[in-house]
Amino acid sequence: MVAGTFKQEILKVYNNVNRRIFNTGVRQQNVEFTGNKIIILSLNTRIPALKLLDDSYSGTTEYMDHLLTQVFKKQIKTAIEQQFHLKVIAVFKDYDAASEYSGTILCLDRDVEACLNELPEL
């Protein structure tokens, strides 16, 4: 599989997981590869209820963001492993509520470029 096609497929999976959890897709996203890492940067729409509570209950909304991030990490790991038959050894994710930007790093058990040669054409 070529890198551009693989990137587009990763972004589809990422967006689908985002839709399942947050009931909305991402507004903007980008994916890059480096070594055994897939790096995804995205601009997300804040959950309206959390946005409403941010000023008065920031501790609670920060905790909710943390919990939602944990759910997202598990689901994206499972989805990537199932869709592409890759081994994800770690998922790192952070979300900045003020800017609505998110960064996700998927660490694979081997170099992404090596994986491309083994992936079937989609």
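The structure we're discussing is the one just above.
Summary of the structure given here. Keep in mind it's a predicted model, so treat the numbers as computed, not measured.

## Points about the pattern of salt bridges
Part 1 of the argument: Going through the model one piece at a time under the given rule, you end up with eight salt bridges.
Part 2 of the argument: For the salt bridge of Lys-12 with Glu-9, the shortest nitrogen-to-oxygen distance reads 3.1 Å. With Lys-12 and Glu-9 both in helix α1 (residues 3–22), this residue pair falls three residues apart, about one helical turn.
Part 3 of the argument: Among the salt bridges present, the one from Lys-51 reaches Glu-100, with a minimum N-O distance of 3.6 Å. Of this pair, Lys-51 sits in helix α2 (residues 48–53) while Glu-100 sits in the loop between β3 (88–96) and β4 (101–108), placing them 49 residues apart in sequence.
Part 4 of the argument: Relative accessible area serves as the criterion here: at 9%, Glu-100 is assigned to the buried category.
Part 5 of the argument: Salt bridges here are not isolated pairs; linked through shared partners, they connect Arg-27, Lys-51 and Glu-100.

## Let's talk about the environment of Asp-65
Part 1 of the argument: Checked against the element boundaries, Asp-65 lands in helix α3 (residues 58–84).
Part 2 of the argument: Considering only alpha carbons, one finds Asp-65 and Ile-76, 11 residues apart in sequence, at a separation of 16 Å.
Part 3 of the argument: Not counting residues up to four positions away in its chain, the partners in contact with Asp-65 are Arg-46, Leu-50, Tyr-95 and Ala-97.

## A word on unusual backbone geometry
Part 1 of the argument: A positive phi angle, near 65 degrees, is found at Asn-23, a position not held by glycine.
Part 2 of the argument: For Asn-23, the position within the fold is in the loop between α1 and β1 (28–34).
Part 3 of the argument: Judged by its relative accessible area of 72%, Asn-23 falls in the exposed class.
Part 4 of the argument: At His-85, a residue that is not glycine, the phi angle is positive and equals roughly 55 degrees.
Part 5 of the argument: For His-85, the location among the structural elements is in the loop between α3 and β3.

## What about the nonpolar core?
Part 1 of the argument: Phe-6, Ile-10, Ile-38, Ile-76 and Ile-80 are the most contacted members of the largest nonpolar core, which totals 25 residues.
Part 2 of the argument: Those elements giving two or more residues to this core turn out to be α1, β1, β2 (37–43), α3, β3, β4 and α4 (112–116).
Part 3 of the argument: Looking at this core, the element that brings in the most residues is α1, giving six residues.
Part 4 of the argument: Not counting residues up to four positions away in its chain, the partners in contact with Ile-38 are Phe-6, Ile-10, Val-31, Glu-32, Phe-33, Thr-104, Ile-105, Leu-106, Leu-108 and Val-112.

## Details of the sheet that holds β3
Part 1 of the argument: Strand order in the open sheet formed by four strands is β1-β2-β4-β3, and the pairing between neighbours is antiparallel. Only two strands of the sheet have a single neighbouring strand rather than two, namely β1 and β3. Strand after strand, the sheet turns through a mean of 15 degrees between neighbouring axes, direction not considered.
Part 2 of the argument: Sheet topology places β3 next to β4; eight bridges connect them, and they run antiparallel. Paired with Asp-96 across the strands is Tyr-101, a residue of β4.
Part 3 of the argument: The strands touched by α1 are β1, β2, β3 and β4; relative to β1, the strand with the most contacts, the crossing angle is about 130 degrees.
Part 4 of the argument: Contacts between α3 and the sheet are confined to β3 and β4, with β3 contributing the most and set at about 145 degrees to the helix.

Quick notes on the rules
Residues numbered from 1 in each chain as written. Predicted model: local features only at pLDDT ≥ 70, side-chain atom pairs only at ≥ 80, totals over all residues. Heavy atoms only, no water. Salt bridge = Lys/Arg side-chain N within 4 Å of Asp/Glu carboxyl O. Helix = DSSP H or I, 4+ residues; strand = E, 2+ residues; numbered from the N terminus. Buried < 20%, exposed > 50% of the residue type's maximum accessible area, 1.4 Å probe, protein only. Contact = heavy atoms within 4.5 Å. Core = buried A, V, L, I, M, F, W, Y, C linked by side-chain atoms within 4.5 Å. Pairing = 2+ DSSP bridges. Axes fitted to C-alpha atoms, helices over the stretch in contact; angles between N-to-C directions.

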